[in-house]
Amino acid sequence: MNLRTTLTTLALAALLLPAARAQKLAPGPQVMTFFSSIDDTEQPYGLYLPPNYDETKKYPLVIMLHGAGSNHRLSLRRVFGKSNANGENDVEATLYFPQWKDVDYIVASPYARGTMGYQGVAEHDVYDVLADVKKRFSIDEDRTYLTGLSMGGGGTLWIGLTHPDIWAAMFPVCPAPPKGTDDLAGNALNVPMYFHHGDQDSAVPVAVSREWTKKLKELGVNVEYTEYPGVNHNSWENAYKEEAAFDWFRKYTRQKFPDRVLYNSRNYKYNHAYWVTLDQLTPGALATIDAAFTAPNQLIIKTTALGAFTLQLAGHPKFDAAKPLQVTLDGKKVKVATAPALSFQQQAGKWVTTKYEAPAGVKKSGAEGPISAAFSERHVYVYGTAGNPSEAELKARMDIATQAANWSVYRNAFLGRIMVFPRVMSDKEVRPSDFQSSNLVLFGTRETNTLVEKYSDRLPVALKAGTTDYGLIYVLPIDGHYVVVNSGLPWWAMNKQTQFAFAPVAVATLGEFKDFALFKGSPGTIVSDGYFDASWKLPEAERAKLEASGVVTVKK
């Protein structure tokens, strides 16, 4: 190629470049993907983009969560009031998007790995979708809404109530919330909610929405409820008819600085709402705070099971940094210096104005357990090669790890598969990048797995070599990531797949554990289990049970 031809080519490329940059997505329904760091896969989500999208304008966003046996494409149809055509099944309806009335909203519907509920990996995906949409489009964060049906209605409650300050309003339809969600009802104090349910629902009892609505009203939440007489589980056909959800959402914007914050949590993972942060709690125990401005610069705060917290008052319309601040905390007045951020800590049974700094080695965000937390993020399954195993023994070890990692077991035509694909490797194949980026799930003992041996001086308990009828599993934070050790029987031993489980048996069983467990024969026969204390030490009562078992060595 001569110089003249080269210059001509470059000139043409320069002319075409602005046009390429100016290319826009087509309006209407479509499918996008984001890259998931959990398992290095591209994950799909449904997207609706309004006509004449203008990147200089802020758009309201609706996150729509699908139900069990459904997907991102169907849920995008549902929220626009489009059910299946007569005689059409879900497989056929998934193949295309019908025409519907345009709205001036952006809508995103996560696939969230299929039918697995909306905790753990699926919950992570919802926030990844939210982040991806915000990165790509101009979103009004004060008009971001959450809705879902059935399993997705339960996901609406769980995701909405663990992070209530993200959402301007929530619209749960025939919700099936996960265990423990009802403890978080008060977190909805500043988020309007609208429940929908059919009174003949045979899948999720109508009592669920009735009881939630009753409880929320008692707590002072702005809640509405519509019950559809004679309607079974398909109440979404009524709830979303004629784009009704968008009309209802339009009435609400997010309260960034509510006068009163009521927030409940069992985990550091969920420790912030509005202008309140929970700094010290006991993972697994419900901590609560009720903080309210009763007048300008006057705060009344009530807590339970909380060791420390911080109030970020800057920007609140009832806070004036130039005037004295009055604080009543758990019935007693606390002297404070007026400041945009106030921290309180329990010391010797009294509240003092001191910022809590977590000592090294104690439970904190990202290092609190329980066992299932290690599987909610990027993780790898590692079988051992130590002990000079035979070819058959090595294969048996690899098979156990492979079974644990096989999230995508085909369950049935309705539930399908969970599309999570973690890696399996031997202890010899773990790379420095794996130690840096991943939680480790280690199978075996120090005699059979070189990584268990590597960490043995930091592990609190070990199954004695040769023990065959017991299983031991526990989680610990090591070097910035979780390490799970499973020795002896696999943690799901003898458990069977149930017909409508939201996860394969090896994954579903994880939710039954706290921080550690020793069982005999199957996880249903517990010898000892519980939570490590705040310093990741065994409670004395459980230590005694473990020692009495005769099958483990407990670190002194």
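In what follows, the accompanying structure is described. (Residues numbered from 1 in each chain as written. Predicted model: local features only at pLDDT ≥ 70, side-chain atom pairs only at ≥ 80, totals over all residues. Heavy atoms only, no water.)

**With respect to the overall build of the chain**
And then number 1: Along the backbone of the chain there are 13 helices and 27 strands.
And then number 2: For the chain, the C-alpha radius of gyration of 26 Å lies close to 24 Å, the compact-globule estimate for 556 residues.
And then number 3: Taking the principal axes of the C-alpha coordinates as reference, the chain spans close to 75 × 70 × 70 Å.
And then number 4: Relative to its 556 residues, the chain shows a buried fraction of 53%.
And then number 5: Pairs at least 24 apart in sequence give 63% of the contacts found in the chain among residues at least 6 apart. (Helix = DSSP H or I, 4+ residues; strand = E, 2+ residues; numbered from the N terminus. Rg over C-alpha atoms; globule rule 2.2 N^0.38 Å. Buried < 20%, exposed > 50% of the residue type's maximum accessible area, 1.4 Å probe, protein only. Contact = heavy atoms within 4.5 Å.)

**Digging into the packing of aromatic side chains**
And then number 1: This structure, assessed with the given rule, holds 28 aromatic pairs.
And then number 2: A centroid spacing of 4.6 Å and a plane angle of 20° characterise the contact between Tyr145 and Phe249, whose relative ring orientation is stacked. Here the residue Tyr145 occupies a position in strand E5 (residues 139-149), and Phe249 occupies one in helix H8 (residues 244-249), the gap between them amounting to 104 residues. Phe249 carries the same exposure label as Tyr145, and that label is buried.
And then number 3: Between the NZ or CZ atom of Lys363 and the centre of the ring of Trp536, over which it lies, the distance is 4.9 Å.
And then number 4: Lying across the ring of Phe435, Lys454 places its NZ or CZ 5.5 Å from the centre. (Phe/Tyr/Trp six-rings, centres within 6.5 Å; stacked < 30°, edge-to-face > 60°. Lys NZ or Arg CZ within 6 Å of the ring centre and 35° of its normal.)

**Describing helix H2 (residues 72-79)**
For an α-helix the count is 3.6 residues per turn, leaving residues at separations of three or four pointing the same way.
And then number 1: Within H2, 7 of the 8 residues are buried, leaving the element largely enclosed by the surrounding structure.
And then number 2: All of the buried residues along H2 are His72, Leu74, Ser75, Leu76, Arg77, Arg78 and Val79.
And then number 3: Its side-chain oxygen placed 2.9 Å from the backbone nitrogen of Arg73, Asn71 serves as the N-cap of H2.
And then number 4: Of the residues trailing H2, Gly81 is marked for its positive phi of about 80°. (Polar contact = N/O pair within 3.5 Å; in protein donor to acceptor, adjacent residues only side chain to side chain.)

**Considering the packing of helix H4 (residues 121-136) against helix H5 (residues 151-162)**
And then number 1: For the pair H4 and H5, the least separation of the axes is 12 Å and the interaxial angle reads 65°. Here H4 lies roughly perpendicular to H5, going by the angle between them. Crossing of H4 against H5: the hand is right-handed. Counted together, Glu123, Val126 and Tyr127 of H4 and Trp158, Ile159 and Thr162 of H5 form the full contact between these two elements.
And then number 2: When the residues that make up the contact of H4 with H5 are grouped by side-chain class, the tally is 4 nonpolar, 1 polar and 1 charged. (Axes fitted to C-alpha atoms, helices over the stretch in contact; angles between N-to-C directions. Parallel < 35°, antiparallel > 145°, perpendicular 65-115°, else oblique. Left-handed = near helix turned anticlockwise from the far one by under 90°. Nonpolar A, V, L, I, M, F, W, Y, C, P; charged D, E, K, R; others polar.)

**Observations concerning the nonpolar core**
And then number 1: Trp275, Phe344, Phe375, Tyr381 and Trp491 are the most contacted members of the largest nonpolar core, which has 127 residues in total.
And then number 2: If you tally residues by element for this core, the top one is strand E23 (residues 470-478), at 7 residues. (Core = buried A, V, L, I, M, F, W, Y, C linked by side-chain atoms within 4.5 Å.)

**A look at the sheet that holds strand E11 (residues 276-281)**
And then number 1: Strand order in the open sheet made by the 5 strands is E10-E11-E14-E17-E18, with antiparallel pairing throughout. Strands with a single pairing partner mark the edges of an open sheet, and in this sheet they are strand E10 (272-273) and strand E18 (350-352). (Pairing = 2+ DSSP bridges.)

**Let's talk about the environment of Pro44**
And then number 1: Structurally, Pro44 is set in strand E2 (residues 41-49).
And then number 2: Note: C-alpha distance between Pro44 and Pro110 (66 residues apart in sequence) is 6.9 Å.
And then number 3: Every residue in contact with Pro44, bar those within four places of it in the chain, is listed here: Val31, Met32, Thr33, His72, Pro110 and Tyr111.

**Some thoughts on the environment of Leu76**
And then number 1: With respect to the helices, strands and loops of the structure, Leu76 is situated in helix H2.
And then number 2: Separated by 429 residues in the primary sequence, Leu76 and Val505 place their C-alpha atoms 30 Å from one another.

**Thoughts on helix H9 (residues 391-405)**
And then number 1: Here H9 spans 21 Å end to end across 15 residues, near enough to the 21 Å set by a 1.5 Å rise per residue.
And then number 2: Those residues of H9 not exposed but buried are Arg397, Ala401, Ala404 and Ala405. The arc that holds every buried residue of H9, seen down its axis, measures 105°, which confines them to one face. Exposed and facing more than 90 degrees away from the buried side of H9 are Glu391 and Ala392. (Expected span 1.5 Å × (residues − 1). Arc of directions from axis to C-beta.)

**Describing the pairing of strand E20 (residues 423-426)**
And then number 1: One ladder, built from 4 bridges, connects strand E19 (residues 379-383) with E20; its direction is parallel. In the strand pairing of E20, Tyr381 is matched with Val424.
And then number 2: Handedness of the β-α-β unit built from E19, H9 and E20 comes out right-handed. (Right-handed = clockwise from strand over helix to strand, strands pointing away.)

**Description of the sheet that holds strand E4 (residues 106-110)**
And then number 1: Ordered by their spatial adjacency, 8 strands build an open sheet running E1-E2-E4-E3-E5-E6-E7-E8, and the pairing between neighbours is mixed. Across the chains shown, the open sheet's two edge strands, defined by having one partner strand only, are strand E1 (28-36) and strand E8 (223-228). The sheet shows a mean angle of 20° between the axes of neighbouring strands, taken without regard to direction.
And then number 2: One ladder, built from 3 bridges, connects strand E3 (residues 59-65) with E4; its direction is parallel. Looking at E4, one finds that Leu61 is bridged to Ile106.
And then number 3: Packed onto the sheet, H5 meets E3, E5, strand E6 (169-173) and strand E7 (193-198) and runs at close to 140° relative to E5.

**Remarks on the pairing of E2**
And then number 1: The buried count for E2 comes to 7 of 9 residues, which makes it a mostly enclosed element.
And then number 2: When E1 meets E2, the two strands line up antiparallel, connected through 9 bridges. Note that in E2 the partner of Thr33 across the bridge is Pro44.
And then number 3: Counting the residues in the hairpin turn of E1 and E2 gives 4 residues, including Asp40, whose phi is positive at 60°.
And then number 4: In terms of strand pairing, E2 meets E4 through 4 bridges, oriented antiparallel. Its bridge partner lying in E4, Leu47 is registered against Ala108.

**Topic: the pattern of salt bridges**
And then number 1: Summed over all chains, the structure comprises 30 salt bridges.
And then number 2: Across the salt bridge formed by Asp290 and Arg260, the nearest N and O atoms sit 2.7 Å from each other. Of the two residues, Asp290 sits in strand E12 (residues 287-295) while Arg260 sits in strand E9 (residues 260-265), which places them 30 residues apart along the sequence.
And then number 3: On the basis of relative accessibility, which here comes to 17%, the residue Asp290 falls in the buried class.
And then number 4: Owing to a relative accessible area of 32%, Arg260 belongs among the partly exposed residues under this scheme.
And then number 5: Here Glu547 makes a salt bridge to Lys556, at a shortest N to O gap of 3.3 Å. (Salt bridge = Lys/Arg side-chain N within 4 Å of Asp/Glu carboxyl O.)

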